[in-house]
Amino acid sequence: MTIRTRFAPSPTGYLHIGGVRTALFCWLYARRHGGQFILRIDDTDAERNRPEALQPILDGFKWLGITWDEGPEVGGPHGPYFQAQRGDLYRAAVMKLLETGKAYPCYMTKEEIDVLRKDAEANKASYVHRGRDRDLSPADAVRMFREKPASVRLKVAADQVVVIDDQICGKVEVQTNTISDPVIARSDGSALYNFATVVDDVAMNITHIIRAKEHLSNTPVQVLVYEAMGVKPPVFAHVPVVNAPNSNKKLSKRDAHKFVTPEVIAALRGVHAVPAEWTDEQIKKNESLNPVMVEFYRVMGYLPEGVINYLGRLGWSLDDKAEIIPIETMRANFGFERVNSSSASFDPAKMLWVASEYTKVAPLDSKIDGVIPVLQRAGLLGDTIDRDKLGTVVLACSERLKIFADVLNYAAFFFRDPQYDAKAVKQRLHKEGVAEALREFAELLKTADPFDVPTLEAKLATFSEAKQLKAGDLNHAMRVATTGVMIGPGVFECLVILGKDETLRRIDVALQLPRT
RNA sequence: GCCCCCAUCGUCUAGUGGCCUAGGACAUAGCCUUCUCACGGCUAAGACAGGGGUUCGAGUCCCCUUGGGGGUACCA
């Protein structure tokens, strides 16, 4: 039997970090066992769903490399893969349960049920609904339902125990006496989640249901639906939820704005991911550029491999040491045995570190590719792209690039004139006697040939020795004069990339900066 | 209220009765390296929620308490 897993997102417009992790586990499990991963769109809640809201989700999965074998865009033999288009299937399944006496139309009014519930509460007991029309014969049930449609409930057997042998949570047992007869279809004929999901999972031959832990409580009802349909339930694996940073509260879209801290706002502005005129409040309200959404990491220039690694490692471990686990290794080793049964907090700092490990070892070409959109968005790079120059810049930045947004911190001055930092100028350029020395050294620079790192380094060494200067002072001054700031790649590398003429020009400009 | 689940450093985790004076990683602090920053190296600090059992022996098994999460919907 081939293993089939599925992920069923709602088209909300954004791909949530927690959802991606669950989807990743589904994908990993299917791939590990040579099975299939199916994407099914849960668009039954018309209010919350907009048709255009699906694309960003698909794009997010594609960016991460989570490929689906059946679903939107690719189709498949078990379609449609949009639940809103599967209403007839649900209705047919309801009829079948009615005919076989496994379900019944419930004609009790909400008011009647409320009275029973209140009574139960008054007796400090929990209310377990058993409809009055439960014992209708199947023939009568079907006839009455045809004449007068009503909500349909599943008949829950008395005095039994539903056992779920969950691959992550272990054995979970629930008494049927604590389970109300669940409504499986509304009076208007539409199916409820607990029913629709089972009908679909059966129809799509899903063998392993891997989903968030919050669904564990629903599972007994679903198992009962499987049994009523005469189908053996699939294997269940409930993955603990992802919590918000430093908290034990679920990372929810609802609280998403809380994660847009002043640092995040600064980062988003820094990479020009939002229009400059937006206020902080507007940025907070933007749903997709939020650290709980995948899109945020794409915009900040995280390598998707890093995001995958971090998410895969969150709640799952390979062994007692491994942190950097390439996706191929995960694919080859992922299993439920090493998925933790408790929830895990999302840690942006560790995510950054993991991502940086991937960025550091990325091939030059992929670094160039990564840096291009960041520079373009910042208006530092046009449509004509000089990959050779970008290559030298990226190389000069070397391991300073943890994510591609860092190129703006370390290398912006290669693409525009220096923006002189007042503090840097004061401390480094206007330090006692330094500017004068720099003026003199600039003259010497004119004769540098070739204009490369060893030559420049040697010139500075002999010059500072002859003048009894600290080489560092001159280095620092030169950096500030040519880049405007105190941090960056090695000065000599910077000068070489800028070229002799530009270097001399910038030094000249800098030397005319007023003293404060 | 009732039902279900969870509980190791701030965070992610290793640990499946003796290998644990609890290991690794991120973050933090200090030192080293260094033209700045970043990288790298070294070091430090830092955890078994509490209480009862079981056992020669418990982070590991059982029970209770506490804390957290989920469900209890004609939501998903």
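Description of the structure in this document.

Each value, and the rule that gives it
Residues numbered from 1 in each chain as written. Chains lettered and ligands numbered in written order. Predicted model: local features only at pLDDT ≥ 70, side-chain atom pairs only at ≥ 80, totals over all residues. Heavy atoms only, no water. Helix = DSSP H or I, 4+ residues; strand = E, 2+ residues; numbered from the N terminus. Buried < 20%, exposed > 50% of the residue type's maximum accessible area, 1.4 Å probe, protein only. Contact = heavy atoms within 4.5 Å. Areas by Shrake-Rupley, 256 points an atom, 1.4 Å probe, with all protein chains shown as cover. Core = buried A, V, L, I, M, F, W, Y, C linked by side-chain atoms within 4.5 Å. Expected span 1.5 Å × (residues − 1). Salt bridge = Lys/Arg side-chain N within 4 Å of Asp/Glu carboxyl O. Pairing = 2+ DSSP bridges. Axes fitted to C-alpha atoms, helices over the stretch in contact; angles between N-to-C directions. Near = heavy atom within 4 Å. Polar contact = N/O pair within 3.5 Å; in protein donor to acceptor, adjacent residues only side chain to side chain.

To continue, consider the overall build of chain A. Helices and strands together make up the secondary structure of chain A, namely 22 helices and 11 strands. Based on the C-alpha atoms only, the size of chain A along its principal axes is roughly 105 × 45 × 40 Å. Here chain A holds 516 residues, and 50% of them are scored as buried. Of the contacts made within chain A by residues no fewer than 6 positions apart, 72% connect residues no fewer than 24 positions apart. By element, 51% of the accessible surface of chain A is carried by carbon and sulfur atoms, the whole surface being about 24500 Å².

In this structure, Phe37, Phe61, Ile66, Tyr297, Phe346 and Leu375 are the most contacted members of the largest nonpolar core, which totals 96 residues. The biggest single contributor to this core is helix 1 (residues 17-32), with 10 residues. Judged by nonpolar contacts, the second largest core, of 38 residues, contains Val94, Ala150, Ala185 and Leu224.

Across its 13 residues, helix 4 (residues 110-122) extends 18 Å between first and last C-alpha, which sits within 8% of the 18 Å expected from 1.5 Å per residue. Immediately beyond the C-terminal end of helix 4, within one or two residues, lies lysine 124, with a positive phi of roughly 55°.

The next point concerns the pattern of salt bridges. It is possible for side chains of opposite charge to pair when their charged atoms get near one another. Applying the stated criterion across every chain, the model contains 31 salt bridges. A salt bridge links arginine 6 to aspartate 201, with the nearest nitrogen and oxygen atoms 2.6 Å apart. One end of the pair, arginine 6, is in strand 1 (residues 4-7); the other, aspartate 201, is in helix 6 (residues 193-203), and 195 residues separate them in sequence. A relative accessible area of 2% places aspartate 201 in the buried class. With its nearest N and O atoms 3.0 Å apart, the salt bridge here joins glutamate 323 to lysine 350. Here the residue glutamate 323 occupies a position in the loop between helix 11 (304-313) and helix 12 (327-333), and lysine 350 occupies one in helix 13 (residues 348-361), the gap between them amounting to 27 residues. Exposure remark for lysine 350: the relative accessible area of 30% places this residue in the partly exposed category. A single salt-bridge network, built from bridges that share partners, covers Arg6, Arg40, Arg86, Asp200 and Asp201.

With that settled, consider the sheet that holds strand 4 (residues 151-154). Strand order in the open sheet formed by three strands is 3-4-7, with antiparallel pairing between adjacent strands. Only two strands of the sheet have a single partner each, and these edge strands are strand 3 (103-106) and strand 7 (183-185). Neighbouring strand axes in the sheet, compared pairwise and without regard to direction, differ in orientation by 45° on average. Looking at chain direction, strand 4 and strand 7 are connected through two bridges and run antiparallel. Each bridged residue has a counterpart across the sheet, and for valine 152 the counterpart in strand 7 is alanine 185.

What follows is about the protein's contact with RNA strand B. Among the 56 residues in the neighbourhood of RNA strand B, the closest are listed as Asp42, Lys249, Gly315, Glu399 and Arg400. Put simply, 73% of the atoms of RNA strand B that lie within 4 Å of the protein are in sugar or phosphate. Arginine 186 is positioned such that a nitrogen or oxygen atom in its side chain is 2.5 Å from a phosphate oxygen of RNA strand B. In this structure, a sugar or linking oxygen belonging to RNA strand B sits 3.2 Å away from a side-chain N or O atom of lysine 360.

Below, the discussion takes up the pairing of strand 1. Here strand 1 shows a buried face lined by Arg4 and Arg6 and a second buried face lined by Thr5 and Phe7. With four bridges connecting them, strand 1 and strand 2 (residues 36-39) associate as parallel partners. Along strand 2, the bridge assignment pairs phenylalanine 7 with leucine 39.

Of the two faces of strand 5 (residues 161-166), only the one carrying Val162, Ile164 and Asp166 is buried; Val161, Val163 and Asp165 on the other face are not. Linking two consecutive strands that pair antiparallel, namely strand 5 and strand 6 (residues 170-175), is a turn of three residues.

Along the chain, the position of serine 247 falls in the loop between strand 10 (242-243) and helix 8 (262-270). Under the relative-accessibility criterion, serine 247 is labelled partly exposed at 24%. Along the sequence, serine 247 and serine 345 sit 98 residues apart, while their C-alpha atoms lie 6.5 Å from each other. One polar contact links the side chain of serine 247 to the main-chain amide nitrogen of lysine 249, over a distance of 2.8 Å.

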